[in-house]
Amino acid sequence: TRNKSYAAINITGLAVGIAVCMTIFIIIEYQTSFDNFHANKDRAYRVLTEYHHAETGNTTYGKDIPFPLPVGMKTAFPQIEEVAPIFASQNDQLLIPDKNGNTEKAFKEQRGLFYTNPSFFKIFNFPLLAGSYTSLNDPDNVFLSKETAEKYFGDWKTAMGKTIKLQMGGFMFEHGTDVLKVSGILAPIPSHSDFPLKIVVSFGTGFTGDYLAKSREWDATIADFGCYILLPPHINVDNFNEQLKAYSRKVESSVNKDSHIIQPLNKVHFDTQVGDYSNKNISHQLLNVLWLIAAFILLIA
């Protein structure tokens, strides 16, 4: 009370310092919570390609894999419980036809359209509000997120059974228009997920059926075609990776020195070198810096 100005400055500084620290803590908590809501998070793994560059001697990693690898792994490694190929498309045109088949609405989706199969939903927990996961076993079926269904049709409940025309964009192969049937509505996708699912098309539809599912080219990869697997509990990851590398050398050509490894799901969000489908990666080093900044601010306050 004798030093009101001095006390006001100190109390204000302490309050601001605590507020800043709380904000940083909220950011850190959010970043460390990505995909923690999946029941099988401790048994889910991403398959990576390990690129060996002979000219430099360096090794880099990518989330893109050879086209036949998902089917090959399912056959060669019976201990794998689920194998889910996933292809993320970009710059796609979605057309909503009227009763006469004419285009009534048109939407451009920069990101959020994925091709996969029902195994993906056995690995990850993304509940359905309507429909069945098994419908993705058949080509030309599509799931919409609740928000996407409302954007396209007004009420998500009326979207079931409706038709959508898909024109893939931004891809090197020419492909026509796919006519899709809405067979499921996904519950709202949590923001702390590296799978920003808006539209999920059955793997084997259109381009993925014409090319990806049939290709036997082991030495080629394309961006955003990857794979996730579900392994039994308590598996030795290092031992499995050695087996997977040996399998890679067996099926790939002699000139191809690349191999493959698996990466635990809890490391995917923090792998800024490889990236993911959400583009929200953050490194552990940056999180540690944020911790230090928060502690320093609080100490000063």
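One structure accompanies this document, and this report is about it. In this convention, every chain numbers its residues from 1, walking through the sequence in written order. In view of the model being predicted, local features appear only for residues whose pLDDT reaches at least 70, and side-chain atom pairs are presented and counted only at 80 or more, with totals across whole chains, interfaces and linings using the full set of residues. No hydrogens and no water enter the side-chain calculation; it runs on all heavy atoms of the structure.

### A short note on the pairing of strand β7 (residues 141–145)
Moving on, step 1. The cut-offs for exposure are 20% and 50% of the maximum accessible area for each residue type, with area from a 1.4 Å probe on protein chains only; residues under the lower value are buried, those over the upper are exposed, and the others partly exposed. The numbering of helices and of strands both runs from the N terminus, where a helix is a DSSP run of H or I of at least 4 residues and a strand a run of E of at least 2. A large share of β7 lies buried, amounting to 5 of its 5 residues.
Moving on, step 2. Going residue by residue along β7, you find Asn141, Phe143 and Ser145 tucked away on one face and Val142 and Leu144 tucked away on the opposite face as well.
Moving on, step 3. Note on pairing: DSSP must find at least two bridges between two strands before they are called paired. Bridge analysis of β7 against strand β9 (residues 177–186) gives 5 bridges, and the strand direction is parallel. Pairing of serine 145 across the sheet is with leucine 186, part of β9.
Moving on, step 4. Note that β7 and strand β10 (residues 199–202) share 3 bridges and pair antiparallel. Bridging across to β10, valine 142 finds its partner in valine 201.

### Some points on the packing of aromatic side chains
Moving on, step 1. Here the aromatic set is Phe, Tyr and Trp, taking the six-membered ring for Trp, and pairing holds for ring centres within 6.5 Å; pairs whose planes are under 30 degrees apart are stacked, those over 60 apart are edge-to-face, and all others are tilted. Evaluation of the coordinates by the stated rule reveals 25 aromatic pairs.
Moving on, step 2. With 5.4 Å between their ring centres and 80° between their planes, phenylalanine 124 and tyrosine 228 make a pair best called edge-to-face. Residue phenylalanine 124 is found in the loop between α3 (119–123) and β6 (128–131), and its partner tyrosine 228 is found in strand β11 (residues 225–230); the two are separated by 104 residues along the sequence.
Moving on, step 3. Phenylalanine 124 sits in the buried class, given a relative accessible area of 0%.
Moving on, step 4. Judged by relative accessible area, which is 2%, tyrosine 228 ranks as buried.
Moving on, step 5. Seen from their ring centres, phenylalanine 195 and tyrosine 228 are 5.2 Å apart, and the 70° between their planes marks the pair as edge-to-face. With phenylalanine 195 in the loop between β9 and β10 and tyrosine 228 in strand β11, this residue pair connects regions lying 33 residues apart in the sequence.
Moving on, step 6. Judged by its relative accessible area of 1%, phenylalanine 195 is buried.
Moving on, step 7. Cluster of aromatic residues (ring-pair linked, three or more members): Phe37, Phe114, Phe120, Phe121, Phe124, Phe126, Tyr133, Phe143, Phe195, Tyr228 and Tyr277.

### Considering the nonpolar core
Moving on, step 1. Remark: nonpolar core denotes a set of buried residues (Ala, Val, Leu, Ile, Met, Phe, Trp, Tyr, Cys) joined through side-chain atoms within 4.5 Å. The biggest cluster of nonpolar side chains holds 43 residues, and the ones touching the most others in it are Met73, Leu144, Tyr152, Ile229 and Phe240.
Moving on, step 2. A per-element tally of this core places strand β3 (residues 82–97) first, with 4 residues.
Moving on, step 3. We call two residues contacting when some pair of their heavy atoms lies within 4.5 Å. Not counting the four nearest positions on each side in its chain, isoleucine 229 is found in contact with Arg43, Ala44, Tyr45, Val47, Met73, Ile80, Glu82, Val83, Ile123, Phe240 and Ile262.
Moving on, step 4. Residues Ile123, Leu128, Ile189 and Phe195 belong to the second largest nonpolar core, which totals 23 residues.

### As for the side chain of serine 193
Moving on, step 1. The residue serine 193 is located in the loop between β9 and β10 in this model.
Moving on, step 2. Leaving out residues up to four positions away in the same chain, serine 193 has contacts with Phe34, Asp35, Phe37, Phe126 and Ser278.

### Comments concerning helix α8 (residues 284–300)
Moving on, step 1. The first and last C-alpha atoms of α8 sit 24 Å apart over 17 residues, in line with the 24 Å expected at 1.5 Å per residue.
Moving on, step 2. Of the surrounding elements, those touching the buried residues of α8 are α1 (4–31). How far a helix is expected to stretch is found by multiplying one less than its residue total by 1.5 Å.

### Observations regarding unusual backbone geometry
Moving on, step 1. The phi angle at histidine 234 is positive, at roughly 60°, despite the residue not being glycine.
Moving on, step 2. Inspection of the secondary structure puts histidine 234 in the loop between β11 and α6 (237–251).
Moving on, step 3. Look at histidine 234 and you get exposed, because its relative accessible area is 84%.
Moving on, step 4. Even without being a glycine, asparagine 279 presents a positive backbone phi close to 60°.
Moving on, step 5. Mapping asparagine 279 onto the fold places it in the loop between α7 (265–268) and α8.

### Here's the deal with the pattern of salt bridges
Moving on, step 1. Here a salt bridge means any side-chain nitrogen of Lys or Arg lying within 4 Å of a carboxyl oxygen belonging to Asp or Glu. Enumeration over the complete set of coordinates arrives at 6 salt bridges.
Moving on, step 2. In this structure, lysine 198 and glutamate 109 form a salt bridge, with 3.4 Å as the shortest nitrogen-oxygen distance. Of this pair, lysine 198 sits in the loop between β9 and β10 while glutamate 109 sits in strand β4 (residues 103–109), placing them 89 residues apart in sequence.
Moving on, step 3. With a relative accessible area of 33%, lysine 198 lands in the partly exposed category.
Moving on, step 4. Relative accessible area serves as the criterion here: at 3%, glutamate 109 is assigned to the buried category.

### A look at the pairing of strand β8 (residues 163–169)
Moving on, step 1. Bridge count between β3 and β8: 4 bridges; the pairing is antiparallel. From the neighbouring strand, glutamine 90 faces β8, where its bridge partner is glycine 169.
Moving on, step 2. By the bridge criterion, 5 bridges tie β8 to β9 in an arrangement that is antiparallel. Following the sheet pairing, leucine 166 is matched in β9 by aspartate 178.

### Points about the environment of valine 200
Moving on, step 1. Examined against the element boundaries, valine 200 turns out to sit in strand β10.
Moving on, step 2. When the C-alpha atoms of valine 200 and valine 142 are compared, they prove to be 5.5 Å apart, with 58 residues separating the residues in sequence.
Moving on, step 3. Each residue touching valine 200, except ones within four places of it in the same chain, is listed here: Phe114, Thr116, Phe121, Leu136, Asn141, Val142, Phe143 and Leu186.

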